[in-house]
Amino acid sequence: MENYAGYSDEYIKYLELLAKEYPTQEATFTEIINLQAIVNLPKGTEHFMSDLHGEYEAFYHILNNCSGVIREKVEMLFSNSMSQEERDDLLTLIYYPKEKLDLMNRKKLVTDKWARKTLHHLIRLAKLLSSKYTRSKVRKAMPPVFRFVIDELLHAQPDEDKNRHVYHSKILDTILETGSTRSFIYALTALIKRLAVDHLHIIGDIYDRGPHADKIMDNLMHHHSMDIQWGNHDILWMGAAAGSAACIANVLRNNIRYHNLEILESGYGISLRPLALFALKMYTKDDGIEPMVKAINVILSKLEGQVIFRHPEYNMDDRLLFHKINLETGTITLDSGTYELTTTDFPTFNPQDPYTLSPEEHRIMADLQTEFLQSERLQRHIQFLYSHGSMYRCYNNNLLFHGSLPLNDDGSFKEIYFDGHGYKGQAFMDHADYMARRAYTKRDTDSLDYMWYMWGGPDSPVSGRIVKTFERSYIADKDTWKEPENAYFRLNRDKDECIKILHEFGIDSPQGHIINGHTPVKVKKGESPIRAEGKELCIDGGFCKAYQNSTGIAGYTLIFNSHGIRIKAHYPFTDVEEVLRTNADMGSESTQVELEPKRVMIGDTDNGKKLLQMIDDLKALLQAYRQGIIIERRGE
Ligand SMILES: O=P(O)(O)OC[C@H]1O[C@](O)(COP(=O)(O)O)[C@@H](O)[C@@H]1O
Ligand SMILES: [Mn+2]
């Protein structure tokens, strides 16, 4: 129903609510002016990374050097006025202010002259980086104690007004006199890094292989603005933290094989001692395979078998292989042939009941399950994965997900059945997201089992491969290790297919892209992260050290700023000590993927569209005040 002002009753009610926040015409148009200023600024810079795989030091360095962006800005500002060595020193200070200052103090290099010059450089850099934000946003990004001072210094126009120059010089004097140089450098360097990256996306696989996913999580939990699209390894840990025994066994296997016991034991307080003692008691070392690896492989094969038995709808009966091992001949016969087993050490294998855990295996797993459920730090990290993560995300015309969207061979969306209902395309992704959340909140067997399915099932959105853990565990012939993939991984090379997928998720802009991780880009073999004529970008560049031999680089960052999209390929990182000793930054090479036809402003972004809507609503409110439909509340 419309009233006399042409607004519906519902809309008037909404405007009345808005009027509580903007009770007068002045308050309303001030906000309109503010918002209008914001939407006309260039969009903030988004960084995308994926497949971090526990490589904390490299990740931490990339956060500190903002994927090489800080170096670019320093070169831009100071390449004529500072030597390379001075610039490198400044960069190391920005990356690791505490460590660098400690080192310089030990060498008695922190003089007033140095401090004054350095503060001056840092302020110029912060000024450059803040130029595309509103003053209020920059102010909010500053640490409260120095907010006023930094604000004054950033907005100085020294050449234009001599008095102001003197005023700022006095501020710097006071900083030096009061001994607050160190705190001030901390504040400015943090602000510089904060301004260089407005928002960070992690396209999955934070966990496994590298040693310190827990530290990455701590770091992400303090990040100013980020989101996560879950990877198969993250899903595995989420399933484990929700109590799925099959997920726990996979987590253990992944970390035992990479000798990453620390993350479990000291990181999350989960004791592996009972499993280690059991393995040493039951398994030999004769075949050269570690007893603990053998013990967990067997437990895993049994638990995975149990899940497959519970779910004929997973169509995974052909993955029931454990009962096929022949201990007398030391072989196994698969459809593709008969293969020698890498071990015949199976002390708990019962041919009559191959998929049931022995009483001791059962007890060990039950205790581990309790420890996963009760680890406070793990639960905190996993809750953060849930609160800041999802199966996929549409963000500023890009579709982000880690692995695959199940497709049929002809490119149509594959229909997948749950409880008699078929789901495909976006509805399937939404359902998988729902199941992942249900696993943590409800902890019912179906959703917990589905977490395991997502780790290694053929129609999983995060994996999309038939994971051959059994063959990898027990058969040396690598031909058996090949993991058939969903058609998505072939069809995502096709531009029209990608456009169809983007449309399915409501992204119609010609500037849309699919951004994935999961499949290492073998740069060495000539592969490129840019596919489907630029519609599909795969940014798994191998942060994981174990995979750098095959990728040939050490990770990617995709950067999307107001000018377009580029990808930075990073070169291997040594360690922080090396950076401090020699200023050795992580090298990176930039490739422009796409230039925007016109500069992207905040008004063009998802958030900007909300702001534009708000401007319209505020204009309607102003109109309503002027026509007396809503009465201003002055002085209340
Ligand atoms: O190289 P690893 O550590 O043995 O792991 C191999 C397993 O990991 C997977 O590649 C999954 O991990 P990714 O998601 O990192 O690719 C499986 O497909 C495969 O079975
Ligand atoms: Mn993956």
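Worth saying up front: this structure is predicted, and the values here are computed from it rather than measured.

Draft legend 1. How the structure looks around the overall build of the protein chain. Scanning the protein chain from terminus to terminus reveals 27 helices and 17 strands. Here the C-alpha atoms of the protein chain give a radius of gyration of 28 Å, agreeing with the 26 Å that 2.2 N^0.38 yields for 636 residues. For the protein chain, the C-alpha atoms occupy an extent of roughly 90 × 75 × 45 Å along the three principal directions. In the protein chain, which comprises 636 residues, the share counted as buried stands at 56%. At a minimum sequence separation of 6, the contacts of the protein chain that also span at least 24 residues come to 71%. Counting only carbon and sulfur atoms, one obtains 51% of the accessible surface of the protein chain, whose full area is about 28,200 Å².

Draft legend 2. Expanded view of the nonpolar core. Formed by 163 residues in total, the largest nonpolar core has its most connected members in I206, L220 and L252. Among the elements that take part in this core, helix 17 (residues 291–310) stands out by supplying ten residues, more than any other. Apart from residues lying up to four places away in sequence, I206 is in contact with L52, H53, G54, A213, I216, M217, L220, I228, D234 and L385. Ranked by size, the runner-up nonpolar core spans 21 residues in total, among them Y7, V39, L621 and Y625.

Draft legend 3. Representation of the site of ligand 1 in the model. Around ligand 1, the structure places 13 residues, and the nearest of them are N232, H233, Y258, E483 and Y547. The contact in question runs from an oxygen atom of ligand 1 to an N or O atom on the side chain of R257, over 2.8 Å. Contact distances for ligand 1 include 3.2 Å between an oxygen atom and a side-chain N or O atom of R472. Protein contacts shield 89% of the accessible area of ligand 1, which totals 470 Å² for the unbound molecule. Taken together, the residues of the shell around ligand 1 sort by class into three nonpolar, four polar and six charged.

Draft legend 4. Fine view of the pattern of salt bridges. For the structure shown, the criterion picks out 39 salt bridges. One salt bridge connects K568 with E72, and the closest N-O pair in it is separated by 2.8 Å. Taken together, the residues K568 in strand 16 (residues 564–570) and E72 in helix 4 (residues 69–78) connect sequence positions 496 residues apart. Where K294 meets D287, a salt bridge forms, and the shortest distance between an N and an O atom there is 2.9 Å. Classification of D287 as partly exposed rests on a relative accessible area of 30%.

Draft legend 5. Quick look at the coordination of the manganese ion (ligand 2). Taken together, D205 (OD), N232 (OD1), H402 (NE2) and H518 (ND1) make up the full set of protein donors to the manganese ion (ligand 2), lying 2.2 to 2.3 Å away. On the basis of relative accessibility, which here comes to 0%, the residue H402 falls in the buried class.

Draft legend 6. Seen up close, the domain arrangement of the protein chain. Domain annotation of the protein chain identifies domain 1 (9–41 + 604–626) and domain 2 (231–390 + 405–481). Spacing between the C-alpha centres of domain 1 and domain 2 amounts to 52 Å.

Draft legend 7. Main features of the sheet that holds strand 2 (residues 199–202). In space, the seven strands of this open sheet follow the order 7-3-2-1-15-16-17, with mixed pairing throughout. Each edge of the open sheet is held by one strand with a lone partner, namely strand 7 (389–390) and strand 17 (588–595). Packed onto the sheet, helix 19 (residues 376–388) meets strand 3 (226–229) and strand 7 and runs at close to 95° relative to strand 3.

Draft legend 8. A look at the sheet that holds strand 5 (residues 331–334). Reading across from one edge, 4-5-6 is the order of the three strands in this open sheet, with antiparallel pairing throughout. Two strands bound the open sheet, and with one partner strand each, they are strand 4 (325–326) and strand 6 (337–340). Sheet topology places strand 4 next to strand 5; two bridges connect them, and they run antiparallel. Its bridge partner being in strand 5, I325 is matched across the sheet by I332.

Draft legend 9. Up close: the packing of aromatic side chains. Summed over all chains, the structure comprises 25 aromatic pairs. Judged by centre distance (5.2 Å) and plane angle (55°), the rings of F346 and Y474 are tilted. Residue F346 is found in the loop between strand 6 and helix 18 (359–374), and its partner Y474 is found in helix 22 (residues 469–474); the two are separated by 128 residues along the sequence. Three or more aromatic residues link up through ring pairs in this structure, and these residues are F309, F322, F346, F349, Y355, F470 and Y474. Seen from the ring of F560, K43 lies directly overhead, with NZ or CZ sitting 3.8 Å from the centre.

Draft legend 10. Structural view of the packing of helix 3 (residues 56–65) against helix 12 (residues 213–221). At a closest axis distance of 9 Å, the pairing of helix 3 and helix 12 adopts a crossing angle of 25°. By the angle between their directions, the pair helix 3 and helix 12 is classed as roughly parallel. Here helix 3 runs over helix 12; the crossing is left-handed. Contacts between helix 3 and helix 12 involve Y56, F59, Y60 and L63 from the first element and K215, I216, N219 and L220 from the second. Its residues assigned to classes, the contact of helix 3 with helix 12 comprises six nonpolar, one polar and one charged.

Draft legend 11. Quick peek at the state of the cysteines. Using the criterion set out here, one finds zero disulfides in the structure. Looking at the unpaired C544, the closest cysteine sulfur is the one in C538, lying at 14 Å. Since its relative accessible area comes to 3%, C544 is described here as buried.

Draft legend 12. How the structure looks around the environment of Q25. Looking at the secondary structure, you find Q25 in helix 2 (residues 25–39). Among the residues examined, Q25 registers a relative accessible area of 17% and is labelled buried. Residues Q25 and Y625, spaced 600 residues apart in sequence, show a C-alpha to C-alpha distance of 6.9 Å. Here Q25 is in contact with L622, Y625, R626, E632 and R634, once residues within four sequence places are set aside.

Draft legend 13. Structural detail: the side chain of R253. Note on placement: R253 falls in helix 14 (residues 245–257). When residues no more than four places from it in sequence are discounted, the contact partners of R253 are I296, N297, L300, T469, R472 and S473.

Draft legend 14. Expanded view of the packing of helix 5 (residues 84–95) against helix 11 (residues 181–196). For the pair helix 5 and helix 11, interaxial distance at closest approach is 8 Å and the crossing angle is 90°. When the interaxial angle is binned, helix 5 and helix 11 end up roughly perpendicular. Each of L93, I94 and Y95 in helix 5 lies in contact with helix 11, whose residues at this interface are I185, T189, I192 and K193. Partitioning the contact of helix 5 with helix 11 into residue classes produces five nonpolar, one polar and one charged.

Parameters at a glance
- Residues numbered from 1 in each chain as written.
- Chains lettered and ligands numbered in written order.
- Predicted model: local features only at pLDDT ≥ 70, side-chain atom pairs only at ≥ 80, totals over all residues.
- Heavy atoms only, no water.
- Helix = DSSP H or I, 4+ residues; strand = E, 2+ residues; numbered from the N terminus.
- Rg over C-alpha atoms; globule rule 2.2 N^0.38 Å.
- Buried < 20%, exposed > 50% of the residue type's maximum accessible area, 1.4 Å probe, protein only.
- Contact = heavy atoms within 4.5 Å.
- Areas by Shrake-Rupley, 256 points an atom, 1.4 Å probe, with all protein chains shown as cover.
- Core = buried A, V, L, I, M, F, W, Y, C linked by side-chain atoms within 4.5 Å.
- Near = heavy atom within 4 Å.
- Polar contact = N/O pair within 3.5 Å; in protein donor to acceptor, adjacent residues only side chain to side chain.
- Nonpolar A, V, L, I, M, F, W, Y, C, P; charged D, E, K, R; others polar.
- Salt bridge = Lys/Arg side-chain N within 4 Å of Asp/Glu carboxyl O.
- Donors = N, O, S within 2.8 Å, 3.2 Å for Na, K, Ca; no water.
- Domains from an automatic or database assignment.
- Pairing = 2+ DSSP bridges.
- Axes fitted to C-alpha atoms, helices over the stretch in contact; angles between N-to-C directions.
- Phe/Tyr/Trp six-rings, centres within 6.5 Å; stacked < 30°, edge-to-face > 60°.
- Lys NZ or Arg CZ within 6 Å of the ring centre and 35° of its normal.
- Parallel < 35°, antiparallel > 145°, perpendicular 65-115°, else oblique.
- Left-handed = near helix turned anticlockwise from the far one by under 90°.
- Disulfide = S-S within 2.5 Å.

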